[in-house]
Amino acid sequence: MKAGVTPAYERERTGVILAFALLGFILGPLTSVPAWLMAEQDLRDVRAGFLPRDVERRLSSARTISIIATFINLGTVILLFLAAIVLFILVQVGWEMMLA
């Protein structure tokens, strides 16, 4: 176990990581990417024996949720960008047709 880390502290930290992962659906990568990285590091520590095994399932869930939230937000940004391009093209074509 890491020096100064108690099982109660690690369970509390796991809850914070899970909350960040869930907030990732609303706030996007601002919270989902840090949750993903923190969960990944803590899972490595659990597997190395530095942290208690009972938090592994919650950490794995938090990592999965944060990955999903990150990719959903990334997809949303890409779709919005594509919609803006299509709208720009439609506006340009519309102006050309009105002027002709």
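All of the points below concern the structure found in this document. (Residues numbered from 1 in each chain as written. Predicted model: local features only at pLDDT ≥ 70, side-chain atom pairs only at ≥ 80, totals over all residues. Heavy atoms only, no water.)

**Here we look at the overall build of the chain**
Thought 1: If you tally the helices and strands in the chain, you get three helices and zero strands.
Thought 2: Against the 2.2 N^0.38 benchmark of 13 Å for 100 residues, the chain shows a C-alpha radius of gyration of 21 Å, more extended than a compact globule.
Thought 3: Every one of the 100 residues in the chain was classed for burial, and the buried ones make up 25%.
Thought 4: Within the chain, contacts between residues separated by at least 24 positions form 65% of all contacts whose residues are at least 6 apart in sequence.
Thought 5: Put simply, the chain shows about 6800 Å² of open surface, and 74% of that area lies on carbon and sulfur atoms. (Helix = DSSP H or I, 4+ residues; strand = E, 2+ residues; numbered from the N terminus. Rg over C-alpha atoms; globule rule 2.2 N^0.38 Å. Buried < 20%, exposed > 50% of the residue type's maximum accessible area, 1.4 Å probe, protein only. Contact = heavy atoms within 4.5 Å. Areas by Shrake-Rupley, 256 points an atom, 1.4 Å probe, with all protein chains shown as cover.)

**Some words on the environment of S60**
Thought 1: Checked against the element boundaries, S60 lands in helix α3 (residues 56-99).
Thought 2: On the basis of relative accessible area, S60 is assigned to the partly exposed category, the value being 26%.
Thought 3: Separated by 34 residues in sequence, S60 and G94 have C-alpha atoms that sit 51 Å apart.

**Remarks on a nonpolar patch on the surface**
Thought 1: Taken together, F71, L74, I78, L79, F81, L82, I85, F88, I89, V93 and M97 make up a surface patch of nonpolar side chains, about 1100 Å² in accessible area.
Thought 2: When you line up the elements, F71 lands in helix α3.
Thought 3: Note on F71: relative accessible area 48%, which makes it partly exposed. (Patch = residues over 30% accessible without salt bridge, like charges linked within 9 Å, V, L, I, M, F, W, Y side chains within 5 Å. Salt bridge = Lys/Arg side-chain N within 4 Å of Asp/Glu carboxyl O.)

**Details of the packing of aromatic side chains**
Thought 1: Scanning the model with the defined rule gives one aromatic pair in all.
Thought 2: Each ring, one from W36 and one from F71, has its centre 6.2 Å from the other, and the planes form 55°; the classification is tilted. Of this pair, W36 sits in helix α2 (residues 29-48) while F71 sits in helix α3, and the two are 35 residues apart along the sequence. (Phe/Tyr/Trp six-rings, centres within 6.5 Å; stacked < 30°, edge-to-face > 60°.)

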